[in-house]
Amino acid sequence: MNLLEFEKPIAELESKLADMKQLSDDSDENVTKAIQALDNKITELKKETFENLTGWQRVQLSRHPDRPYTQDYIYEITTDFIELHGDRNVGDDKAMIGGLGTIEGQTFMIIGQQKGRNTKQRQMRNFGMANPEGYRKALRLMKMAEKFNKPIVTFIDTPGAFPGLEAEERGQGEAIARNLKEMFMLKVPVICIIIGEGASGGALGIAIGDRVLMLENTWYSVISPESCSSILWRSWDYKEQAAEVLKLTAKDMLQNKLIDGIVKEPLGGAHTDIKAMATEIKRIIIENYKELSKLSAQERVNQRIDKFCAMGVVKE
């Protein structure tokens, strides 16, 4: 089991509870009461812990090794997903996946960054860091969705766009910038959900939407806490302080009107109950799609532009 530091006290109590249940005699009323009391104590401790997480602890949760990735959600919420490959120019970027899938009778174009579970998968997926061809593939699929009038859902989970020399040579900055421009003008509903890490332009490259939502234990920022700490203090030792100052949590982002809503996670994080998390994401997608489909294409485009243009505006 992969445990974060703040999860260990909860895990210890859960281990004691499991031992008590194994050794208990159902006929012993005192033991039954003790088990119930411990169970209640664990629930209260979980609530207290996860409702008061620091920014850095939420960053840690967003990177939890057991946390669901884009493919996990796709296979949970769709009935017939068909993956589409390639940017028709350079190749097929495995860090960016996309394709058509049906959710409650409605076909969606679903696009997202994909990380790997083990060393081999992480190398193949490039740790969820897309190259320019990944962003160009995403844009190709968005344009296809627009052509056939299919709504778009994007799942954001990346530590950033790939910063390698070859990526820069193939036009990483241009690919992301073009995505930003083109996504503003898409005539179909666009729903963007941050399911893990939302770092810098790598996240923003598929995050211009009518609705931008964040799962409860995710982060969204121009820079990671570690990189911020390394730039400002020349050391990673201040990453926890950087996480607080950056205001990168879902609550901070909603308060600053940079996202449209927060998707609640199961108690303990998305990894503790993937099916429940997927069910909630499915509900949110359908709910927002129904709202957006009532608007005309031009109304959606205008509202999308107005929303992003209002960000960062200060009136004195």
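Here, every reference points to the structure presented above.
All values derive from a computational prediction rather than experimental measurement.

Enquirer: Can you help me understand the overall build of the chain in this one?
Expert: Within the chain, the regular secondary structure consists of 14 helices and eight strands. Taken along the three principal axes of its C-alpha coordinates, the chain extends 70 × 50 × 50 Å. A separation threshold of at least 6 residues defines the contact pool for the chain, and within that pool the share at least 24 residues apart is 71%. Put simply, the chain shows about 15,900 Å² of open surface, and 52% of that area lies on carbon and sulfur atoms.

Enquirer: Can you walk me through the pattern of salt bridges in this structure?
Expert: Note that side chains of opposite charge can pair when their charged atoms are close. Under the defined criterion, the tally for this structure stands at 23 salt bridges. Residue glutamate 197 pairs with lysine 115 through a salt bridge whose shortest N-O separation is 2.6 Å. Residue glutamate 197 is located in strand β5 (residues 190-199), and its partner lysine 115 is located in the loop between β3 (106-113) and α5 (119-125); the two are separated by 82 residues in the primary sequence. No difference in accessibility class separates glutamate 197 from lysine 115, as the two residues are buried. We note a salt bridge from glutamate 291 to arginine 211, for which the minimum N-O separation is 3.3 Å. Of the two residues, glutamate 291 sits in helix α13 (residues 274-293) while arginine 211 sits in strand β6 (residues 211-215), which places them 80 residues apart along the sequence. A single salt-bridge network, built from bridges that share partners, covers Arg63, Lys115, Asp157, Glu197 and Glu226.

Enquirer: Quick question: what am I supposed to make of the nonpolar core here?
Expert: As a rule of thumb, soluble globular proteins bury nonpolar side chains together. If you look at the biggest cluster of nonpolar residues, it comprises 32 residues, and the most contacted ones within it are Ile111, Tyr135, Met142, Ile152 and Tyr220. Of all the secondary-structure elements, those providing two or more residues to this core are β3, α6 (132-147), β4 (152-158), α8 (172-184), β5, β6 and α12 (250-255). Setting aside residues up to four positions removed in sequence, tyrosine 220 forms contacts with Ile194, Gly198, Ala203, Leu204, Ala207, Met214, Leu248, Met253 and Ile259. Membership of the second largest hydrophobic core comes to 25 residues, among which are Ile97, Ile193, Ile195 and Ile284.

Enquirer: Teacher, can you tell me more about helix α10 (residues 225-233) here?
Expert: Spacing of three or four residues puts side chains on the same side of an α-helix, whose turn is 3.6 residues. Taken residue by residue, α10 has Pro225, Glu226, Cys228 and Ser229 as its buried positions. Seen along its axis, α10 keeps its buried residues to an arc of 160 degrees; they face one direction. On the buried face of α10, the contacting elements are α3 (55-62) and α11 (239-246). Positive phi appears at arginine 234, one or two residues downstream of α10, with a value of about 60 degrees.

Enquirer: Can you help me understand the side chain of asparagine 217 in this one?
Expert: On the secondary structure map, asparagine 217 appears in the loop between β6 and β7 (219-221). Owing to a relative accessible area of 3%, asparagine 217 belongs among the buried residues under this scheme. Within the structure, asparagine 217 has its side chain in polar contact with the side chain of arginine 58 (distance 2.4 Å). Leaving out residues up to four positions away in the same chain, asparagine 217 has contacts with Leu53, Arg58, Leu61, Ser62, Arg67, Glu265 and Gly269.

Enquirer: Which parts of the structure should I look at to understand the packing of aromatic side chains?
Expert: When we look at a pair of aromatic rings, we describe it by the centre distance and by the angle of the planes. For the coordinates displayed, the defined rule picks out six aromatic pairs. Plain terms: the ring middles of phenylalanine 108 and tyrosine 289 are 5.4 Å apart, the flat faces sit at 75 degrees to each other, and that makes the pair edge-to-face. Taken together, the residues span a long stretch of sequence, with phenylalanine 108 in strand β3 and tyrosine 289 in helix α13 at a distance of 181 residues. Each member of the pair, phenylalanine 108 as well as tyrosine 289, carries the same accessibility label: buried. Ring geometry for tryptophan 233 and tyrosine 238: centres 5.1 Å apart, planes at 25 degrees, overall stacked. Taking relative accessible area as the criterion, tryptophan 233 reaches 31% and is therefore assigned partly exposed. For tyrosine 238, a relative accessible area of 38% corresponds to the partly exposed category. If you follow arginine 117 out to its NZ or CZ, it ends over the ring of tyrosine 69, 4.0 Å from the centre.

Enquirer: Looking at this structure, I do not really get the side chain of glutamate 7. What am I missing?
Expert: Looking at the element boundaries, glutamate 7 is found in the segment before α1 (8-23). Comment: no salt bridge for buried glutamate 7; closest opposite-charge side chain is lysine 46, at 8.4 Å. Once residues lying within four places of it in the same chain are set aside, the contact partners of glutamate 7 are Asn2, Phe50, Leu61, His64, Gly268 and His271.

Enquirer: I'm lost on α13 in this one. Help?
Expert: Look at α13: 28 Å from first C-alpha to last across 20 residues, which is about the 28 Å you get at 1.5 Å a residue. Residues of α13 that are buried include every one of Met277, Ala278, Ile281, Ile284, Ile285, Ile286, Asn288, Tyr289 and Leu292, and no others.

Enquirer: Would you explain the pairing of β3 in this entry?
Expert: Within β3, six of the eight residues are buried, which leaves it mostly tucked inside the rest of the structure. Across eight bridges, strand β2 (residues 96-103) lies against β3 in antiparallel orientation. Note on β3: the bridge partner recorded for methionine 96 is glutamine 113. Between β2 and β3, which follow one another and run antiparallel, lie two residues, and glutamate 104 among them has a positive phi close to 50 degrees. With four bridges connecting them, β3 and β4 associate as parallel partners. Residue isoleucine 110 lies in a different strand from β4, and its bridge partner there is valine 153.

Quick notes on the rules
Residues numbered from 1 in each chain as written. Predicted model: local features only at pLDDT ≥ 70, side-chain atom pairs only at ≥ 80, totals over all residues. Heavy atoms only, no water. Helix = DSSP H or I, 4+ residues; strand = E, 2+ residues; numbered from the N terminus. Contact = heavy atoms within 4.5 Å. Areas by Shrake-Rupley, 256 points an atom, 1.4 Å probe, with all protein chains shown as cover. Salt bridge = Lys/Arg side-chain N within 4 Å of Asp/Glu carboxyl O. Buried < 20%, exposed > 50% of the residue type's maximum accessible area, 1.4 Å probe, protein only. Core = buried A, V, L, I, M, F, W, Y, C linked by side-chain atoms within 4.5 Å. Arc of directions from axis to C-beta. Polar contact = N/O pair within 3.5 Å; in protein donor to acceptor, adjacent residues only side chain to side chain. Phe/Tyr/Trp six-rings, centres within 6.5 Å; stacked < 30°, edge-to-face > 60°. Lys NZ or Arg CZ within 6 Å of the ring centre and 35° of its normal. Lys, Arg positive; Asp, Glu negative; His and termini not counted. Expected span 1.5 Å × (residues − 1). Pairing = 2+ DSSP bridges.

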